[in-house]
Amino acid sequence: MREFARLYAQLDASTSTQAKVRALQAHLACAAPQDAAWAVYLLSGGKPRQTVPTAVLREAACEAAGVPPWLFEECYQVVGDLAETMAHVLPAQGLANTEGCSLCAQDGLAAWMEKGLLPLRGLEPDVQKQRLRDLWTVLDTPERYLLTKLVGGGFRVGVSKLLVQRAIAEHAGLQASDVAQRMMGYTQASVQPTAQDWLRLIGHAQGDLALQQGQPYPFFLAQPLNPDDEGQLESVMGPVDDWLVEWKYDGIRAQVVRRAQQVWIWSRGEELITDRFPEVAQAAKALPDGTVLDGELLVMRQGHPASFAELQTRITRKTLSKAILSKTPVSFIAYDLLEHQGLDWRPQAQQRRRQALQALLSEGPFSVSPLAEPDAPTPSWAALQALRQQSRARGVEGFMLKHRAAPYGLGRRKLEGPGVLGWWKWKVQPMTVDAVLVYAQAGHGRRANLYTDYTFAVWSRTPRDAAEVQQVLQAIAQRQPPDPQGLHLVPFAKAYSGLSDEAFAEVDKVIRRSTVEKFGPVRSVVPSLVFELGFEGIAPSPRHKSGLALRFPRMLRWRTDKPLHEADTLQALQALQQGQGSVPQA
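A. Layout of helix α10 (residues 161-172). The end-to-end C-alpha distance of α10 is 16 Å, a good match for the 16 Å that 12 residues give at a rise of 1.5 Å each. Burial in α10 covers these residues: Leu163, Val164, Gln165, Ala167, Ile168, Ala169 and Ala172. For α10, the elements touching its buried residues are α2 (17-30), α3 (33-43), α11 (176-182) and α12 (195-202). Two residues or fewer past α10, glycine 173 is found with a positive phi of approximately 70 degrees.

The following block contains the structure:
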């Protein structure tokens, strides 16, 4: 644990990519195989489920430190990070009896994960608290901080999976693409990494390069097309005939793997989701062995994709009843052929892969992603721009542009310019709404001391004038409950990205001086700020007070020019939802 805590501190403190790679290489060179396996798992995005509820963590820290809950909460408000607060309030190392702990700080990460943390799940709260106190006693402050992050399920650090793959490749003398292939499925939440997994990652034997039976390929990701290039596509992208243009769906990106008379379905997040989509898995049995398809899982109604919210119900349900399967029928739209007749087809040109895909699925269980074909005598970028305006009415996000000569790449590699071989996503501009900031919560990491996570609201109806808005603000300042029949603010979305560091700092000052109430880490403020939010879609949601849920909300700009009474209304959001091209519900 001590060595991994040292690595975590180095990665968290550095902004240099090369320094992070060197730190990773040094750690992996000295770590035991089972410890390296866990380190790679955690740093690559693996997230074991929370082993101890947050409330129990807080109680254990208060009891161990001998501080009342109110004082702990005050400390938390100042620090802004739960794990850091707990690490600071706990008594100094060695003050307590360590006989109850079978682990010591020098033990490896694997021992701490498998003997210390994972066994905590499911124990009675009192037993969990005693075990936590035993573990804390043998660790110093930085190690306790890391332990609490792991126990609470909030572990994250500033390294990407690509960076970890690069460090492994340089450590083992391999190509990063080989490491990326071997790591597919490595961070499944249901699978614990082992020493054998690490040895497979760094092995040099030819047999180690062979795919495991159900293993997918690394996903190829598209680059966003710069909106500034839209007016000069011919000069930037080249002839329109060089590109395959497909509609861009808003579903779950997935690979269907058909090998050894079995079927596996993998999400882009490298989660095995076969059991979530039994109708797709059953249909895939008609595919020939040695086939891997890349595509999108969608709920289709009357030939049109339904909202992502409907598809999401298939992921969140623990049990898929017949009613759910019937209400949300899922289809797989294939748009690439990665493996054909047991051979890797990724190096083949996009045009050839699509032709083979169409031939394979001509009588198969899945359909091929349709091309966007403008109703014009001659193909042109201008005709595509006009057709793109129909995207929301069709229930899609815009276009995917794929060069006919492009191979299937690896990840989202930085390209030199739009005209080079590759994939580009040409999305429609986001929906927008002007909303009022009503709640705020401290951020995480380097923003832990700033209020950066915001809740936004819209007016219940259009205000008559600024004076009516002022009456609402006075009621909020006096902590009076809103009048449900009168003008009030309706919370509808949370967002925490889109502003510069300087803007976040300015908003933080406003939040601190306009706070009305505190609810744990959340502050309620007297509204004074308006922001333009952007989002990709909007759907009905009975779980939200507004009755609506937004897809990927983020802040586009701080509307310092707009007074509160000009912010949007709930009716405006409802009109957006009704006019975005939603398809009939079952």
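B. Spotlight on the pattern of salt bridges. Using the criterion set out here, one finds 29 salt bridges in the structure. Ionic pairing is found between glutamate 63 and arginine 133, a salt bridge with its closest N-O pair at 3.1 Å. Highlighted residues: glutamate 63 in helix α4 (residues 54-65) and arginine 133 in helix α8 (residues 125-137), separated in sequence by 70 residues. Residue glutamate 63 is classed as partly exposed on the basis of its relative accessible area of 47%. Its relative accessible area of 23% is what places arginine 133 among the partly exposed residues. A salt bridge links glutamate 270 to lysine 161, with the nearest nitrogen and oxygen atoms 2.7 Å apart. In this pair, glutamate 270 sits in the loop between β4 (262-267) and α14 (278-284) while lysine 161 sits in helix α10, placing the two residues 109 residues apart along the sequence. Residue glutamate 270 is classed as buried on the basis of its relative accessible area of 7%. Look at lysine 161 and you get partly exposed, because its relative accessible area is 22%. If you follow the salt bridges from partner to partner, you end up with Glu59, Glu63, Asp126, Lys129 and Arg133 in one network.

C. Quick look at the state of the cysteines. Tallying each qualifying case throughout the model produces zero disulfides. Cysteine 104 supplies the cysteine sulfur nearest to cysteine 30, a cysteine that is in no disulfide, at a spacing of 18 Å. Summary of cysteine pairing: cysteine 75 is not part of a disulfide, and the nearest cysteine sulfur, belonging to cysteine 62, is at 9.1 Å.

D. Focus on the nonpolar core. Core analysis: the biggest nonpolar cluster contains 67 residues, and Leu43 and Ile168 have the highest contact counts within it. It is α3 that provides the largest number of residues to this core, a total of eight residues. Leave out the neighbours within four places in its chain, and isoleucine 168 touches Leu28, Val40, Val179, Met183, Trp198, Leu201 and Ile202. In terms of nonpolar packing, the next biggest core, distinct from the first, is built from 29 residues, Ala435, Ala440, Tyr451 and Phe531 among them.

What counts, and at which threshold
Residues numbered from 1 in each chain as written. Predicted model: local features only at pLDDT ≥ 70, side-chain atom pairs only at ≥ 80, totals over all residues. Heavy atoms only, no water. Helix = DSSP H or I, 4+ residues; strand = E, 2+ residues; numbered from the N terminus. Expected span 1.5 Å × (residues − 1). Buried < 20%, exposed > 50% of the residue type's maximum accessible area, 1.4 Å probe, protein only. Contact = heavy atoms within 4.5 Å. Salt bridge = Lys/Arg side-chain N within 4 Å of Asp/Glu carboxyl O. Disulfide = S-S within 2.5 Å. Core = buried A, V, L, I, M, F, W, Y, C linked by side-chain atoms within 4.5 Å.

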